[in-house]
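Coordinate analysis (summary)
Listed below, chain by chain, are the residues.
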Amino acid sequence: MSQLLNLAAEEAQNPLLPPVPEIVVGLLAFVIVFGFLAKKLLPNINKVLEERREAIEGGIEKAEAAQTEAQSVLEQYKAQLAEARHEAARLRQEAQEQGAALIAEMRAEGQRQREEIIAAGHTQVEADRKAASAALRQDIGRLATDLAGKLVGESLEDHARQSRVIDRFLDELEEKAEAAR
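Every value quoted in this text rests on a predicted model; they were computed, and no experiment measured them.

1. Re the overall build of the protein
The secondary structure content of the protein amounts to three helices and zero strands. Starting at the N terminus and walking to the C terminus, you meet the elements of the protein as α-α-α. Accessible area of the protein: about 16,200 Å², with a carbon and sulfur share of 62%.

2. Describing the confidence of the model for the protein
Regions with low pLDDT should not have their predicted coordinates read in detail. Scored by pLDDT, the protein comes out at a mean of 83, with 85% of its residues at no less than 70. Within the protein, helix α1 (residues 2-12) has the poorest average pLDDT of any element, 56, and helix α2 (residues 20-152) the best, 88.

3. Considerations on the pattern of salt bridges
Scanning all chains against the criterion turns up seven salt bridges. With a shortest N-O distance of 2.1 Å, Arg53 and Glu50 are connected by a salt bridge. On the criterion of helical spacing, the pair formed by Arg53 and Glu50 is a turn pair, its members being three residues apart in helix α2. Note on Arg53: relative accessible area 38%, which makes it partly exposed. With its nearest N and O atoms 2.6 Å apart, the salt bridge here joins Arg129 to Glu126. Here Arg129 pairs with Glu126, and both are found in helix α2, just three residues apart, close to one helical turn. Look at Arg129 and you get partly exposed, because its relative accessible area is 49%. Glu126 gets classed as partly exposed once you look at its relative accessible area, which sits at 31%.

4. So, the packing of aromatic side chains
Following the criterion strictly, the structure yields one aromatic pair and no others. Taking 6.0 Å as the distance between ring centres and 20° as the angle between the ring planes, the aromatic pair formed by Phe30 and Phe34 counts as stacked. Pair noted here: Phe30 and Phe34 are both in helix α2, with a separation of four residues, about one helical turn. Both residues of the pair, Phe30 and Phe34, count as exposed.

Scoring rules and cut-offs
- Residues numbered from 1 in each chain as written.
- Predicted model: local features only at pLDDT ≥ 70, side-chain atom pairs only at ≥ 80, totals over all residues.
- Heavy atoms only, no water.
- Helix = DSSP H or I, 4+ residues; strand = E, 2+ residues; numbered from the N terminus.
- Areas by Shrake-Rupley, 256 points an atom, 1.4 Å probe, with all protein chains shown as cover.
- pLDDT = per-residue confidence, 0-100.
- Salt bridge = Lys/Arg side-chain N within 4 Å of Asp/Glu carboxyl O.
- Buried < 20%, exposed > 50% of the residue type's maximum accessible area, 1.4 Å probe, protein only.
- Phe/Tyr/Trp six-rings, centres within 6.5 Å; stacked < 30°, edge-to-face > 60°.

Here it is in structure tokens:
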């Protein structure tokens, strides 16, 4: 029976509820630790959290400012790039126009020089033809005089008469040649 009483006494004590002196000591220790933490540790924790919050907010503001600045720099860059492209297109167009004008100028200069060369060539050919004609007249006249002298058996030394006879003979040949054309 004593066992039964012990068992009944144990059942009277609830295992989930500790004894009252333990609750009082635990509660007193909790108040002391809580008071210590509230007085010493909590202000430091709040101060660190506040500094961190300010740093985060400042970082966000700095990031927003940097992003705004980066956006404005990007817009400036795009504007400068568009301006540079426009300037390059203008310079390219200008160079093409100058190139076309230079080509036209060079063609005109080449044409002018070609015509000058052709005119000089015609003039030279005409001068050479006249010189050759004069030299041929002299050679033919001399040969004709020599031949006539050999045929006649006398020397035809009178130059004035020789010239008249030769000129008349050559003029008659030229007239016959022109008539034959």
